[in-house]
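# Examination of the molecular architecture
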Amino acid sequence: KQNNNEVWPRHINKMDNNKKVTTMNNNSGHFNTITTIIENAKYKEGVNYYTMIYDFRNLQNNLDNIMHLFLTYLNKSTVIIAYDFGCVLANILINKLGHFSKHSKYLNNIDKYIMIAPTIGGVPMTLRDYLSGNGVVSTKLIENYESIILSLPCPHIYKHPIAIYDNISYKANNMEHLLNLANKPSQLYKDLHHLQELSLFPLPEFINCIVVTSNQYNTPFSYDFTNDFNNEPVRYKPLNNNQLPNDDIHFNGTFEGAQTIGDGVVPFMAIKEFIKNNKNCSLELIKDKDHFTILKSYELSLVILSNI
């Protein structure tokens, strides 16, 4: 909240980055189903389950404080439940912990790790939000948000062209040049890239990791910006007969960006690449749910209840 008015998630365009923000947990928002399940299983917040709260705009300067919180919550047989970018942050903390010998003993307290629709390695959809001036959110507003930078496609995961501009294809390892073309702050990308790579390090093999996702939906993996980042990317006919809503990405039966299968946000190719590098991770596919509705699925409830 800002001045007691909600600015995230529904009114982000009203956010003023120069003013103070009151951070709140999201247990009454889209995470409500999960917290309800946990509390019905006789867990109580602040006693035997805890919520990590962080400012997604500014992570690097607050990472030490976030790590301190993380360590205080790592009791014996801890189960970590993370969603979307929360998985990126959890991976950074786990792998950062493994590199500090004085705290590495805490890793043994992690029993299980449930990753829900993880965006580890970034998602091509972030390119559209970050580069195209015609997105839902003002690109000027978010261009210094560190979670956005860490959500840009990473070359370790995406090896195919992720963008076309002026008839030239760009891969994820051309990101710095692509940002320069769009007049975006490439230095911030360079400063944060080590954290994105840290999130991709293989997790310790003794942590039982479960990736919960979906792979039934048209999901963008590449955008053709033609020769102007101020216009929306090229639209295509959908690959599958998924029901498409009328929003800024899907409109009149067309789909923004070239598509592959995934959960509507995360391409399944990224999930497969992550699991290939983490042999200790098992995969749970949930039918007929996308990146957002998966949080309210009966199957996810069963996964959580069987692991806490």
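Predicted, not measured: the structure shown is a model, and the values here were computed from it. (Residues numbered from 1 in each chain as written. Predicted model: local features only at pLDDT ≥ 70, side-chain atom pairs only at ≥ 80, totals over all residues. Heavy atoms only, no water.)

### Topic: the pattern of salt bridges
In a structure, side chains of opposite charge can pair up when their charged atoms sit close to one another. The line we're drawing: The working definition used for a salt bridge is a side-chain nitrogen of Lys or Arg within 4 Å of a carboxyl oxygen of Asp or Glu. Exposure is judged per residue with a 1.4 Å probe applied to protein chains only, and the accessible area is read against the type maximum: over 50% gives exposed, under 20% gives buried, and values in between give partly exposed. Numbering goes from the N terminus for both helices and strands, where a helix is a DSSP run of H or I of at least four residues and a strand is a run of E of at least two.
Per the counting criterion, the structure on display carries 10 salt bridges. The salt bridge involving Glu 143 is made with Lys 140; its shortest N-O contact spans 3.6 Å. Judged by its relative accessible area of 61%, Lys 140 is exposed. Between Glu 143 and Lys 184 there is a salt bridge; the shortest N-O distance is 3.3 Å. Linking Glu 143 in the loop between α5 (139–142) and α6 (146–149) with Lys 184 in the loop between α7 (175–181) and α8 (186–199), this pair joins segments that are 41 residues apart in sequence. Residue Glu 143 is classed as buried on the basis of its relative accessible area of 11%.

### So, the side chain of Gln 259
The line we're drawing: Polar contacts here mean pairs of N or O atoms no more than 3.5 Å apart (in protein, one a potential hydrogen donor and the other a potential acceptor; neighbouring residues in sequence count only if both atoms are side-chain atoms).
When you line up the elements, Gln 259 lands in strand β10 (residues 258–262). According to the relative accessible area criterion, Gln 259 is buried, its value standing at 10%. Reaching out from Gln 259, the side chain makes a polar contact with the backbone oxygen of Lys 237 at a distance of 3.1 Å.

### Quick word on the sheet that holds strand β3 (residues 161–165)
Heads up, the rule is: Any two strands between which DSSP finds at least two bridges are classified as paired. Geometry is summarised by axes, namely lines fitted to C-alpha atoms with helices restricted to the contacting stretch, and by angles between N-to-C directions that run from 0 to 180 degrees.
If you trace the four strands from one edge of the open sheet to the other, you get β4-β3-β6-β10, paired in mixed fashion. Sheet topology places β4 (168–171) and β10 at the edges, where each strand pairs with a single neighbour. Averaged over all pairs of adjacent strands, the angle between strand axes in this sheet comes to 40 degrees, irrespective of strand direction. In terms of strand pairing, β3 meets β4 through four bridges, oriented antiparallel. Bridge assignment links Ile 164 to a residue of β4, and that residue is Ser 169.

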